[in-house]
Amino acid sequence: MLYYLGTYLNESVEALSFLRLLDSISFRAIGGAITALLLTIFFGDRVILALYRGGRRDTRRSFDFPPATARATKTYGGPLLVAAVLGGCLLWCRLHETFVLMTLAAVIWFGALGSLDDHLKVRHGTSDRGLSESAKLVLQALFGLAFGLAFVIEPLSPMPAGLATKLYLPFVKTPVIDLGIGYVPFIAFTVVAIANSVNIADGIDGLAVVPAAFAAAVYGVFAYVASHAEISDFLIFPFTPGAGEVTIICCTVFGACLGFLWFNSYPANVIMGDTGSMALGGLLGTVVVLVKQEFLFLIVGGVFVGEALSVVIQEKIGIRWLGRRFFRSAPVHHHFQACGLADTKIVIRFWIIAGILALMGLATLKIR
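These figures come from a predicted structure and were not determined experimentally. (Residues numbered from 1 in each chain as written. Predicted model: local features only at pLDDT ≥ 70, side-chain atom pairs only at ≥ 80, totals over all residues. Heavy atoms only, no water.)

(A) How the structure looks around the overall build of the protein. The secondary structure content of the protein amounts to 14 helices and four strands. Here the C-alpha atoms of the protein give a radius of gyration of 21 Å, agreeing with the 21 Å that 2.2 N^0.38 yields for 368 residues. With the C-alpha coordinates of the protein rotated into their principal frame, the extents come out at 65 × 45 × 35 Å. Out of the 368 residues belonging to the protein, those deemed buried represent 51%. The contacts in the protein between residues at least 6 apart in sequence include a share of 73% that link residues at least 24 apart. Summed over all atoms, the accessible surface of the protein reaches about 16,300 Å², with 68% contributed by carbon and sulfur. When the 27 positive and 23 negative side-chain charges of the protein are each reduced to one mean point, those points stand 9 Å apart. (Helix = DSSP H or I, 4+ residues; strand = E, 2+ residues; numbered from the N terminus. Rg over C-alpha atoms; globule rule 2.2 N^0.38 Å. Buried < 20%, exposed > 50% of the residue type's maximum accessible area, 1.4 Å probe, protein only. Contact = heavy atoms within 4.5 Å. Areas by Shrake-Rupley, 256 points an atom, 1.4 Å probe, with all protein chains shown as cover. Lys, Arg positive; Asp, Glu negative; His and termini not counted. Charge placed at Lys NZ, Arg CZ, Asp CG, Glu CD.)

(B) Structural detail: the packing of aromatic side chains. This model, assessed by the stated rule, comprises 13 aromatic pairs. Each ring, one from Tyr3 and one from Tyr4, has its centre 5.3 Å from the other, and the planes form 80°; the classification is edge-to-face. Overall, Tyr3 belongs to the buried group, its relative accessible area being 13%. Judged by relative accessible area, Tyr4 falls into the partly exposed class, the value being 33%. Centroid distance Phe336 to Phe350: 6.3 Å. Interplanar angle 80°. Geometry classified as edge-to-face. Of this pair, Phe336 sits in helix α13 (residues 332-338) while Phe350 is found in helix α14 (residues 343-363), placing the two residues 14 residues apart along the sequence. Exposure remark for Phe336: the relative accessible area of 29% places this residue in the partly exposed category. Among the residues examined, Phe350 registers a relative accessible area of 10% and is labelled buried. One aromatic cluster in this structure is built from Trp109, Phe110, Phe143, Phe147, Phe151, Tyr183, Phe186 and Phe295. Looking at Arg324, its charged tip hangs above the ring of Phe326, at a distance of 4.5 Å from the centre. The cationic tip of Arg368 hangs over the ring face of Phe237; the distance from NZ or CZ to the ring centre is 3.9 Å. (Phe/Tyr/Trp six-rings, centres within 6.5 Å; stacked < 30°, edge-to-face > 60°. Lys NZ or Arg CZ within 6 Å of the ring centre and 35° of its normal.)

(C) Quick look at the nonpolar core. Phe147, Phe151, Ile187, Tyr219, Val246, Val253 and Leu280 are the most contacted members of the largest nonpolar core, which has 87 residues in total. A per-element tally of this core places helix α7 (residues 209-227) first, with 12 residues. Once residues within four sequence positions are removed from consideration, Leu280 is found in contact with Leu81, Val198, Ala212, Val253, Cys257 and Met272. Of all hydrophobic cores here, the second largest spans eight residues; its members include Val303, Ile346, Val347 and Ala354. (Core = buried A, V, L, I, M, F, W, Y, C linked by side-chain atoms within 4.5 Å.)

(D) Structural detail: the environment of Thr275. Summarising the element assignment, Thr275 is placed in helix α10 (residues 273-290). Considering only alpha carbons, one finds Thr275 and Val107, 168 residues apart in sequence, at a separation of 9.6 Å. Reaching out from Thr275, the side chain makes a polar contact with the side chain of Asp118 at a distance of 2.8 Å. (Polar contact = N/O pair within 3.5 Å; in protein donor to acceptor, adjacent residues only side chain to side chain.)

(E) The arrangement of the confidence of the model for the protein in detail. Averaged over all residues, the pLDDT of the protein equals 90, while 95% of them reach at least 70. Within the protein, no element has a lower average pLDDT than helix α1 (residues 2-12), which sits at 80, and none a higher one than helix α11 (residues 297-300), at 97. Between residues 62-71, whose pLDDT stays under 50, and residues either more than four places distant or in other chains, the model counts 12 contacts. (pLDDT = per-residue confidence, 0-100.)

(F) Summary view of the pattern of salt bridges. Throughout the structure, instances matching the rule amount to seven salt bridges. Note that Asp274 and Lys121 form a salt bridge whose closest N and O atoms lie 3.4 Å from each other. One end of the pair, Asp274, is in helix α10; the other, Lys121, is in helix α4 (residues 98-124), with 153 residues separating them in the sequence. Of the residues examined, Asp274 reaches a relative accessible area of 6% and is grouped as buried. Residue Lys121 is classed as buried on the basis of its relative accessible area, which comes to 12%. Three or more residues are tied together by salt bridges with common partners; here these are Asp117, Lys121, Lys136 and Asp274. (Salt bridge = Lys/Arg side-chain N within 4 Å of Asp/Glu carboxyl O.)

Okay, here's the thing in structure tokens:
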């Protein structure tokens, strides 16, 4: 909204010509990050208190670590994170851009899905009585397929003609294959996998929010490169007009995550819940497609990938097929808890790994 207001005033009032700064992607990206950060910190206490009084409190499963008796009740604070992201984007983005509409649609869809899951958990008084796994996957896949179709159909796609269905790999300058219509199920799988991996990682105070912030920052850089004609030509990236709005969204997510960490750091009295983790995961899954760097998430989002793989290895391969356990508990952060590591040590080590992986992801800009 500020972009449209600033453009109007810049053209109408000569004394306000400085508002042309709103044409700058970097200026609006910084504005979005600061806005989301301040919104979260200034309104966080009141929103968290309102959610707590409204009964939005989690109940830990009995097999989690440490035992429930050693842990205070925490509030599902995902709505605070989602509101900060939406607020920052609505203020600083060019809302008519397809890049923005697709990303905000992902935040709203996955946030609503997560909110329904949290609501069911609260109503039944247990984390085991939310949406079923199959229901979640179906609803997530519906969005992924709709988004995939809109992305590859040229009249609807924000991508230049002929680019949408090409698949890029890190460290490779040119597309490796054109998937054609087969890109649609690939997009659906990517969005669903990333959304669930972020959701799985949200298990200890502050564990998921910092790696998500790192991932958003890295993809914001890639989006900026893709939107800048000279930089994209120098680094041999496909030039994608309008992709700079994704940079603003990513910076807004970064600011919102830092603001949420203000309340979510150990010992936290607020957690993302499925509302926040699914919204973040759905947003990241959409962004990696819009930036044409899906496989880069294997590096940048390595913490989330590792958490999701630990669940697959433990539950699908180990318990279901082989009748044995590979970890004491899954996801893997619960395994480390069961081994006796303090929550803070686990979280900080995961943050360090996420930071290193983010730098490795940035290195692929040049090492290609």
